[in-house]
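Examination of the molecular architecture
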Amino acid sequence: MELQILPTSIIGSYPKPRWLLRMYSLYELGRLPEEDFREAVKDASVAVLREHERAGVDIPWDGEMGRSEMTEYFTAKISGFKFYGPVRVWGNAYFNKAAAVSKLEYSEPLVLDEFRWIKANTTREIVKVPITGPYTIAEWSFNEYYSSKEELAFELARILNREFTLLEKEGATFIQIDEPAMLNHPDEVPIAVEAINRAVKGVNVKFGLHVCYSNYNLLADYFDEINVSQFALEFANRGFREMEFLKKLTHGELGFGAVDVHNPRIETPEEVAKAIRKVMKYIEPERLYVNPDCGLKLLDRSIAYQKLVNMVKGVEIIRKELAKEGKESIPFRRSA
Amino acid sequence: MIIPALIGSLPRPVSLSKKLEQYYLGRLSEEKLEEAYREHTRRAFENLRRAGIRVITDGLYRWDDIFNPLIRFIDGVEVNGLFKFYENNFFYRSPVVKGELSLGENPIPEWLNVALEIKEEVYPGAVLKAVLPGPVTLAYHSINEAYESLDELAEAYAGVLAELMKELPVELVELQEPALAAELSRATREKSDSVSAETAKALIERLEKVKALWVVTYFGTPRGFPEGVILNFDLVEGTLPENYRGDLGVGIVNARETKMERRDRLVDKLKPLLRKHGKLYVTPNTLLDFLPESVAWRKLKLLGKLGGE
């Protein structure tokens, strides 16, 4: 399968429409039947999927309309977790940090329904399925049961491997493992790497790994040991500084974070193009995908959309330049 | 004697965050937001009284993290993107030092006046301390584009803090100084410079001349001991060095895990310390922001039960 050079994609989340947020509130208060809530989520899912496609994104997703939050969604579906209440992440952003209080078990599919719905509704050939990784779920949970975080992370890897296997059977071709916490503890990076490798073992799809707001030097030493074909990293928020570590990415692809999701200012296409030119000093265009830094959910929806539009326009500027060199497409690679 | 105490922040209640969100969207007036702050502070002080916590803070409800909004009131500083605060899923906005530092107009003394007023109403027996980031921790967590060295930057921050401390309407100031025990985590970014141990000690001792200080360290064991201050050690993720002889605070309940400690085991841990030091403050080991609110209060109640002779 061939893709246009510099394929554009998303990282995962997108602002939920206001009407959907109201549905969430009503549902949580018990004032909306589950059937109606599920229908609202599906409608929002298609609306956002179309929005991604309209912006020109090549490999879209539905902005995680059915997910309350990136770890809570999963810990709520895996048995053995308990919730004590929300924990603040920064400013006024919270998440429901679960506690592992008994042996964790895979009790139901995690994202299978989402994938089936999006696959059935997209106009694109490939969609990217973002799933929070085993180490991040472990790190962003309290542990009252397992003897170590390592044990907890490996248990989660076992559970996620079951889900990945299921997704492959259903026709998924691109899964992104979100591991924003994997560099939290420099000494534990090998545990995170092992957990990711256990989670992907035996599954033949393209795997990406998303990490953000971290010291990437800690990741760079493991580029060749992590069994994924793409690393999707945030760069815009740090002003495209500190790129030297990319010299160690000699085989894998880079998912280049070209727009800042923590700043409402909309980057111009020219700014996006300039950033891509900068990263091409480290990674040749045949190994580059372009995406926002991270999930866009904290932005106003109209700003998020315009950021995607300008990101794609920025990519088109570079595509024209590359076309002059005869570089117009790349293969969809499953392995590094 | 064991005195239960709070260090730093309480988890910001979701109900208060909702008010803040409404305010930012222009749907709540400044007066109504101020009412919300006061109401939540009142509730916090009532809960602290019920829990038996004798030395308290205002819970830092008006702060997003230990640096913000203070750094917005320092001339010479711009506020940058989000960085991990040590190895936590908790982020701070980083100070970028662009020029010479000086204290600008700020509402912090007034915020403390409000807290003192509420404390006198609902919990007059408690001691209220102010909470500020220490100069060493501020220096490590800044992006320094103006000063020759981190020592010089820490010194500049100490000057700003001294000026601010003089204006504060409380006798006791808590300095958040995790960097004395854990400089700058590689989870945040690579360290390019250090504050020397001598400078760190000297700066804190200089600030101690302005106001009585409670210096809180966590995520490790401090390498030096500033004199004349109450020094808080994290006994969950660090140790208490044998040679420490000063006034002592010990972080003995784990503020990064929900699992509840057993009271009898905490008592066993405290007995030898009490024999040696005579008086000690017991605290969470770090900021309570890392816990759900319900668990944070359970842990504070547990601390409260340790108080007494």
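Small disclaimer: the values here were computed from a predicted structure and weren't measured.

1. Observations regarding the overall build of chain A
Broken down by element type, chain A carries 10 helices and 11 strands. Relative to a compact globule of 336 residues, whose C-alpha radius of gyration would be 20 Å, chain A shows 19 Å and is just as compact. If one aligns the C-alpha atoms of chain A with their principal axes, the spans along those axes are about 60 × 45 × 40 Å. A buried classification covers 62% of the 336 residues belonging to chain A. Intrachain contacts of chain A at a sequence separation of at least 6 include 76% that bridge at least 24 residues. Carbon and sulfur atoms make up 49% of the accessible area of chain A, which amounts to about 13,000 Å² in all. Distance from the positive charge centre (45 side chains) to the negative charge centre (51 side chains) of chain A: 3 Å.

2. Let's talk about the pattern of salt bridges
Note that side chains of opposite charge can pair when their charged atoms are close. All names here are of chain A. One pass over the full model with this rule turns up 46 salt bridges over all chains. A salt bridge links Arg18 to Asp300; its shortest N-O distance comes to 3.8 Å. In this pair, Arg18 is assigned in helix H1 (residues 18–28) and Asp300 in the loop between strand S10 (288–291) and helix H10 (301–323), connecting sequence segments 282 residues apart. In this structure Asp300 comes out as partly exposed when scored by relative accessible area, which is 36%.

3. Observations concerning the side chain of Glu139 of chain A
With respect to the helices and strands, the residue Glu139 of chain A is situated in helix H5 (residues 134–139). Among the residues examined, Glu139 of chain A registers a relative accessible area of 9% and is labelled buried. Ignoring any residue separated from it by four or fewer positions in sequence, one finds Glu139 of chain A in contact with Lys97, Lys149, Ala181, Asn184, His185 and Glu188 of chain A together with Glu87 of chain B.

4. Some remarks on helix H2 (residues 30–51) of chain B
Residues and elements named next belong to chain B. Here H2 contains 22 residues, and its C-alpha end-to-end distance of 31 Å stays within 8% of the 32 Å for a straight helix at 1.5 Å per residue. What H2 keeps buried is the set Leu33, Ala36, Tyr37, His40, Thr41, Ala44, Phe45, Leu48 and Ala51. Taken down its axis, H2 places every buried residue within 165° of arc, on the same side. What points out from H2, more than 90 degrees from its buried face, is the exposed set Glu31 and Arg50. Once H2 finishes, Gly52 follows within two positions and takes phi at roughly 80°, a positive value.

5. Structural notes on the environment of Asp151 of chain B
Residues and elements named next belong to chain B. Of note, Asp151 is situated in helix H5 (residues 150–167). A relative accessible area of 22% means that Asp151 is categorised as partly exposed. Considered as a pair, Asp151 and Glu198 are 47 residues apart in the sequence and their alpha carbons are 9.6 Å apart. Discounting residues that sit within four places of it in the chain, Asp151 has contacts with Ser194, Val195, Ser196 and Thr199.

6. Some points on the pairing of strand S12 (residues 280–284) of chain B
Residue and element names in this part refer to chain B. Within S12, 5 of the 5 residues are buried, which leaves the element mostly enclosed by the surrounding structure. Note: strand S1 (residues 2–4) against S12, 3 bridges, orientation parallel. Across the sheet, Pro4 pairs through a bridge with Val282, a residue of S12. Two strands pair when backbone bridges link them, and strand S11 (residues 247–253) and S12 are joined in this way by 4 bridges, in the parallel orientation. Across the sheet, the residue bridging to Val253 is Pro284, located in S12. Handedness of the crossover joining S11 and S12 through helix H7 (residues 263–277) is recorded here as right-handed.

7. With respect to the layout of surface pockets
What the second largest pocket holds in volume is close to 700 Å³. Residue lining of the second largest pocket: 30 residues in total, with Glu139, Lys149 and His185 of chain A together with Arg256 and Glu257 of chain B positioned closest to the centre. Broken down by secondary-structure element, the contributors of at least two residues to the lining of the second largest pocket are strand S2 (78–90), H5, strand S5 (142–143) and helix H6 (149–169) of chain A. Looking at the lining of the second largest pocket residue by residue, the classes come out as 10 nonpolar, 8 polar and 12 charged.

What counts and how
- Residues numbered from 1 in each chain as written.
- Chains lettered and ligands numbered in written order.
- Predicted model: local features only at pLDDT ≥ 70, side-chain atom pairs only at ≥ 80, totals over all residues.
- Heavy atoms only, no water.
- Helix = DSSP H or I, 4+ residues; strand = E, 2+ residues; numbered from the N terminus.
- Rg over C-alpha atoms; globule rule 2.2 N^0.38 Å.
- Buried < 20%, exposed > 50% of the residue type's maximum accessible area, 1.4 Å probe, protein only.
- Contact = heavy atoms within 4.5 Å.
- Areas by Shrake-Rupley, 256 points an atom, 1.4 Å probe, with all protein chains shown as cover.
- Lys, Arg positive; Asp, Glu negative; His and termini not counted.
- Charge placed at Lys NZ, Arg CZ, Asp CG, Glu CD.
- Salt bridge = Lys/Arg side-chain N within 4 Å of Asp/Glu carboxyl O.
- Expected span 1.5 Å × (residues − 1).
- Arc of directions from axis to C-beta.
- Pairing = 2+ DSSP bridges.
- Right-handed = clockwise from strand over helix to strand, strands pointing away.
- 1 Å grid on protein atoms, 1.4 Å probe; cavity = no way out; pocket = protein on both sides within 12 Å on 5 of 7 lines; lining within 4 Å.
- Points joined across faces, edges and corners; volume = space filled by probe spheres on them.
- Nonpolar A, V, L, I, M, F, W, Y, C, P; charged D, E, K, R; others polar.

These values are about where atoms sit, not about what they do.
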